[in-house]
Amino acid sequence: MADSTKTKGYATTVHLPRTDFAMRANLPEREPRRLALWKATDAYGKLRALKAGRPKFILHDGPPYSNEHIHLGTAVNKIVKDFIVRSRSMLGYDAPYVPGWDNHGMPIEIYVTKEFRAQKREPALPAIRTRAREYAAHYVGVQSEEFQRLGGWGDWERPYLTMSNDYEAAILELFADLVESGYVYRGLRPIHWCIVCRTALAEAELEYHARTSPSITVRFPLREDPRGVFGSPRGYVLIWTTTPWTLPANQAVVVHRDLDYAVYEDAEGDRYLFAAETAERVLPLLPGGEARLVRRLPGRDLAGLVFSHPLGARNPAYDRPAPLFFADHVSVAEGTGVVHTAPGHGAEDFEVGRREGLEILNPVDEDGRFNERAPGYEGKTVWEANPLIMDDLDAAGHLLERGEIQHSYPHDWRCKSPVIFRATVQWFLALEHEGLRARALREIARTRWLPPSGEGRITGMVAGRPDWCLSRQRVWGVGIPAFFCFACKELLLEPALVRRVAAAVREHGSDVWYERPAAAFLPDGTACAACGGTDFYKEVDILDVWFDSGASHRAVLETRPDLGFPADVYFEGLDQHRGWFNSSLLLAVATRDRAPYRAVLTHGWMLDAEGRAMHKSQGNVISPMEVVEKLGADVLRLWTASTDYAGDRRFSWDALEQTADAYRRIRNTCRFLLGNLHGFDPARDVLPESRLEPFDGYALARLEDVKREARAALEGYEFHQFTHLLVNYCAVELSGFYLDALKTRLYTRGRERRRSAQTVLHAIADTLARLLAPILPFTAEEVWEHLPKTDKEESVHFCDMAPEIASRGYPGGRETWERLLALRPPVQRLLERMRAAGEIGAAADAELTVWAQDASEQALLESARETLRELLQVSNVRLKGGDPGPGEGREALPERGLVLAVGRAAGQKCERCWQYRESVGRNEIHPTLCDECIAVLEGDGGG
């Protein structure tokens, strides 16, 4: 028998899979070759030509900073943007992608300055700017190559750069519009100041970190009590502060008009004023430890009280009044319910000082050191002065408590140093002018925010932010085009002059502002409106770099013919609610009266395996290029797509290996599909759906469900749901079920039955290549190349998603298949029991017996007998009526009146198809084959 089988060579009649699509992806080597091919054939340019005329979809790229190599967070950001653009292109849009870079700013300026100092050179301003431009350009090139290695398509040859002449000119043209509309003013205001970088900072440039600060309770001696609140000259008001260094600039104390206040007398006869609600924590601080309540009264009745500066008793230079005023920012959450007020060192203090006509005293210079306006502390930094001031308060007898507190404190996001509030003359954008703040809030409400929490986040930031400080005391940026009279210092700022400067910048770049004298930008005859002087000097401050990037809607969206205003979507990290989303919104609303985006998507932070944010200082940063070199860009992309971008993302190599396993399952599914399409010509061999076997019709209908769910996930930017759908479809529904069940038919059955399966396999492979394309662009292209040829597109990325076919339904109805598939779990349990007992090996060693009491169930199962045999992968299905009664190894489905049992299949095992058939042994020529295999060999051979 064995010799006869060998002689007949039945193995050669089996149609096993054949494909050049490799099982081993070898992505680190294949992907660079694919990138080179895409570049050589100008694939992105061809895509733009093919999509021309379709509805536009515009994702506007938030510019990364052009210094150093990209990090994992930047890589994930760019990968998700590529998901968005590729998927929208395949959903029927013309979706260009124009990458951009943010080039100006302190990190580069500080780096190149250190370079010069290392060379023991003190460079002039032009030299710093020249080197900064070279440095930025170098890293634009470095990052561009790295981003492209991740598989992103875009106009990499023509990115937008905030340091380009055209972009810088657009910045100034937008600034001119703001000046013309009255939004820009120059004035003395307290702003966040970094004493390390020696510049003003905007809210977007702050990070909040835990910091330990002094915590002191100080008494201010009573000076005037016109209404007899204290009833004694020995009175004091108590304040609490965590910034002792601000006390030299104190000008007043403030209370809340609607809070209740109390006067207590201690054992020594001194009386103290503080909020009544804080008595429990304040009374233990009073001398003697005992005190009696003298009176209680509302804050509004404290008007007219005046106190003396507590340092006056130690240094006569501070012997000045500290009158009491009202302010709404006073609370009893901490401290005493009384707040010391230094208008030069706080936004709320400044508003009180401006309202009450107080001196806006700022005795701290740009290095954070006290000047002569703070006698006794000259030359000391604010941090050095803290203990000295506390010692002097103690010596004066006015320090009641001295401790420490750990709290959230603002730090410069670049140098990580704690910042201070410092009143200086700066340039500002007025948020209340022409209702800008209210209009911005209106546009926030009109924008789609994903996740929805983003709306509340940016609403709070816009509603509560102070006027935008536009100026920075640096050199690497776009100079503020303002002029001052030499004679009287009067400001000259006119829209027409700003536009003259913009025109020069468009021709020569922003360096021209520093290379030419003021007169070069002013029309002949320009004179000071105040004194008539004709000599002017230029402003030395630059514009905030957030103004640079915030102007991108003007400089990019409105100027590039392939783009347009507004963008359909912005996508960046959640910190950009106070950064790029915020600055872009304000500038667009001020000049175009609408948001620059229709939707805003945000992603979370990149964390290490322990949940810590990735920072170079912690040594836990992973280079995306390391991942790509080890596993390939497609695996990194699949990992990126597998997690909801809206939340924080933990990186670990174990997680990457799990993703690589998922990738292999997808790849193996594709390989099986392609291998079983060997010799299949879709132009010749595709069967009409009416001729497909029911199981194949089911698979096509299920494919429509997958397409519909996938499209909905892509349209909703739910890439993790999209990815989970595809991975599950490939690994479970296809490899674990349908494809596994098809093997006997694909390998051994006749042409018609094989063509039925191949028709569906081709549809699945075609659809799967398109669905995979946004997430796995390299692999999808490889699959596309190996698909049997038709008049298909050169690249899968030129295609649309496979269209939905509404007429493609489940043969016999969805409910029929739900009833059939419901038999799989109990049958698999029965088979597993037999396998565990050693009674069978493969499912084909068994047969299923079904007893059906209901006539409709009998009819259904009878009509689907052959289909059931295939989808359950057993050799035979026997149907019986009635109830078999109790028995071992059975499963009952009482709600359907069914009883199931499995046993060894009758007959012998066919040498060719491995199914058990009673017909095996009946044919003298082919005694080891079943009748179906014999029919194939004597008929079409299954080819």
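See the structure printed just above.
Read on for an overview of the structure. The structure displayed is predicted, hence computed values, not measured ones.

1. Overview of the overall build of the protein
(1) Moving on: Broken down by element type, the protein carries 30 helices and 33 strands.
(2) Moving on: Sorting the 943 residues of the protein into buried and exposed places 58% on the buried side.
(3) Moving on: The long-range fraction of contacts in the protein, counting pairs at least 24 apart against all pairs at least 6 apart in sequence, stands at 78%.
(4) Moving on: Total accessible area on the protein is roughly 38300 Å²; 49% of this is exposed by carbon and sulfur atoms.

2. What about the environment of Asp266?
(1) Moving on: Summarising the element assignment, Asp266 is placed in strand 9 (residues 260-266).
(2) Moving on: With 23 residues separating them in the primary sequence, Asp266 and Gly289 have C-alpha atoms 7.6 Å apart.
(3) Moving on: Asp266 has contacts with Tyr272, Pro287, Glu290 and Ala291, leaving out every residue within four places of it along the chain.
(4) Moving on: At a separation of 2.9 Å, a polar atom in the side chain of Asp266 contacts the main-chain amide nitrogen of Glu268.

3. A word on the environment of Asn582
(1) Moving on: Residue placement: Asn582 occurs in helix 17 (residues 580-592).
(2) Moving on: Note on Asn582: relative accessible area 2%, which makes it buried.
(3) Moving on: With 343 residues separating them along the chain, Asn582 and Ile925 place their C-alpha atoms 83 Å apart.
(4) Moving on: Every residue in contact with Asn582, bar those within four places of it in the chain, is listed here: Ile458, Met461, Val462, Arg465, Gln576 and His577.
(5) Moving on: For Asn582, the side chain forms a polar contact with the side chain of Arg465, separated by 2.9 Å.

4. So, the packing of aromatic side chains
(1) Moving on: Following the criterion strictly, the structure yields 40 aromatic pairs and no others.
(2) Moving on: With 6.1 Å between their ring centres and 70 degrees between their planes, Tyr97 and Trp156 make a pair best called edge-to-face. Of this pair, Tyr97 sits in the loop between helix 4 (72-90) and strand 2 (100-101) while Trp156 sits in the loop between helix 6 (125-149) and strand 3 (160-161), and the two are 59 residues apart along the sequence.
(3) Moving on: Under the relative-accessibility criterion, Tyr97 is labelled buried at 4%.
(4) Moving on: Ring geometry for Tyr698 against Phe737: centres 6.5 Å apart, planes inclined by 65 degrees, an arrangement best described as edge-to-face. On the criterion of sequence distance, the pair formed by Tyr698 in helix 22 (residues 694-715) and Phe737 in helix 23 (residues 719-748) is long-range, its members being 39 residues apart.
(5) Moving on: Note on Tyr698: relative accessible area 9%, which makes it buried.
(6) Moving on: According to the relative accessible area criterion, Phe737 is buried, its value standing at 6%.

5. Focus on the sheet that holds strand 28 (residues 846-852)
(1) Moving on: Read from one edge of the open sheet, 4 strands run 29-28-31-30, paired in mixed fashion. Unpaired on one side and paired on the other, strand 29 (876-881) and strand 30 (890-893) mark the two borders of the sheet. Strand-to-strand twist in this sheet, taken as the mean axis angle between neighbours without regard to direction, amounts to 20 degrees.
(2) Moving on: Across 4 bridges, strand 30 lies against strand 31 (residues 898-904) in antiparallel orientation. Looking across to strand 31, one finds that Leu893 is bridged to Leu898.
(3) Moving on: The sheet contacts of helix 27 (residues 824-836) involve strand 28, strand 30 and strand 31, and relative to strand 31 the element is tilted by about 30 degrees.
(4) Moving on: Along the sheet, helix 29 (residues 865-872) makes contact with strand 28 and strand 29, crossing strand 29 at roughly 130 degrees.

6. Regarding the nonpolar core
(1) Moving on: Ile84 and Tyr738 are the most contacted members of the largest nonpolar core, which has 149 residues in total.
(2) Moving on: The element that contributes the greatest number of residues to this core is helix 23, accounting for 15 residues.
(3) Moving on: In this view, Tyr738 contacts Phe695, Asp696, Ala699, Glu733, Ala757, Val760, Leu761 and Ile764; residues no more than four positions away in its chain are not counted.

7. Here we look at unusual backbone geometry
(1) Moving on: The omega torsion of the bond from Leu450 to Pro451 falls at -5 degrees, within 30 degrees of zero and hence cis.
(2) Moving on: On the secondary structure map, Pro451 appears in the loop between strand 17 (448-450) and helix 12 (453-464).
(3) Moving on: Following Phe565, the chain continues to Pro566 via a peptide bond in cis, the omega torsion being -5 degrees.
(4) Moving on: Here Pro566 is to be found in the loop between helix 16 (552-557) and strand 24 (567-573).
(5) Moving on: The phi dihedral of Glu68 is positive, around 65 degrees, even though this residue is not glycine.
(6) Moving on: Position of Glu68 relative to the elements: it lies in the loop between strand 1 (59-60) and helix 4.
(7) Moving on: Although it is not a glycine, Asp593 sits at a positive phi angle of roughly 55 degrees.

8. A short note on the environment of Lys51
(1) Moving on: Among the structural elements, Lys51 can be located in helix 3 (residues 43-51).
(2) Moving on: On the basis of relative accessibility, which here comes to 1%, the residue Lys51 falls in the buried class.
(3) Moving on: Here Phe798 takes part through its backbone oxygen, which lies 3.4 Å from a polar atom of the side chain of Lys51.

9. Observations regarding the sheet that holds strand 16 (residues 420-429)
(1) Moving on: Reading across the sheet, the 4 strands line up as 5-4-16-18 and stay open at both edges, with antiparallel pairing between neighbours. Of all the strands in the sheet, the pair left with one neighbour each is strand 5 (199-201) and strand 18 (468-469).
(2) Moving on: Across 2 bridges, the pairing between strand 16 and strand 18 is antiparallel. Its bridge partner lying in strand 18, Phe428 is registered against Cys469.

10. Here's the deal with the pairing of strand 8 (residues 252-255)
(1) Moving on: Across the two faces of strand 8 the burial is the same, with Ala252 and Val254 and Val253 and Val255 all buried.
(2) Moving on: Examined bridge by bridge, strand 8 and strand 14 (residues 339-341) share 3 bridges and lie antiparallel to one another. For Ala252, the partnering residue across the bridge sits in strand 14 and is Thr341.
(3) Moving on: Taken together, the 3 bridges between strand 8 and strand 13 (residues 321-326) define a ladder with parallel strand orientation. Paired with Val255 across the two strands is Phe326, which belongs to strand 13.

11. Concerning the pairing of strand 13
(1) Moving on: A large share of strand 13 lies buried, amounting to 5 of its 6 residues.
(2) Moving on: Sheet topology note: the strand 12 (residues 306-308)/strand 13 ladder contains 3 bridges and is antiparallel. The partner of Ser308 across the bridge, within strand 13, is Pro321.

12. Some remarks on the pattern of salt bridges
(1) Moving on: According to the stated counting rule, one finds 86 salt bridges in the structure shown.
(2) Moving on: Two residues, Glu366 and Arg198, come together in a salt bridge whose shortest N-O distance is 2.1 Å. Here the residue Glu366 occupies a position in the loop between helix 9 (347-356) and helix 10 (382-395), and Arg198 occupies one in the loop between strand 4 (184-194) and strand 5, the gap between them amounting to 168 residues.
(3) Moving on: The class for Arg198 is partly exposed, based on a relative accessible area of 35%.
(4) Moving on: Its salt-bridge partner being Asp705, residue Arg814 comes within 3.2 Å of it at the nearest N-O pair. Remark: Asp705 occurs in helix 22 and Arg814 occurs in helix 26 (residues 814-821); sequence separation between them is 109 residues.
(5) Moving on: Given the relative accessible area of 42%, Arg814 is considered partly exposed.
(6) Moving on: Asp705 sits in the buried class, given a relative accessible area of 6%.
(7) Moving on: Residues joined in a network through salt bridges with shared partners are Arg702, Asp705, Arg708, Glu709, Arg711, Glu733, Glu804 and Arg814.

Conventions adopted
- Residues numbered from 1 in each chain as written.
- Predicted model: local features only at pLDDT ≥ 70, side-chain atom pairs only at ≥ 80, totals over all residues.
- Heavy atoms only, no water.
- Helix = DSSP H or I, 4+ residues; strand = E, 2+ residues; numbered from the N terminus.
- Buried < 20%, exposed > 50% of the residue type's maximum accessible area, 1.4 Å probe, protein only.
- Contact = heavy atoms within 4.5 Å.
- Areas by Shrake-Rupley, 256 points an atom, 1.4 Å probe, with all protein chains shown as cover.
- Polar contact = N/O pair within 3.5 Å; in protein donor to acceptor, adjacent residues only side chain to side chain.
- Phe/Tyr/Trp six-rings, centres within 6.5 Å; stacked < 30°, edge-to-face > 60°.
- Pairing = 2+ DSSP bridges.
- Axes fitted to C-alpha atoms, helices over the stretch in contact; angles between N-to-C directions.
- Core = buried A, V, L, I, M, F, W, Y, C linked by side-chain atoms within 4.5 Å.
- Salt bridge = Lys/Arg side-chain N within 4 Å of Asp/Glu carboxyl O.

Don't take any of this as a statement about function, it's just geometry.
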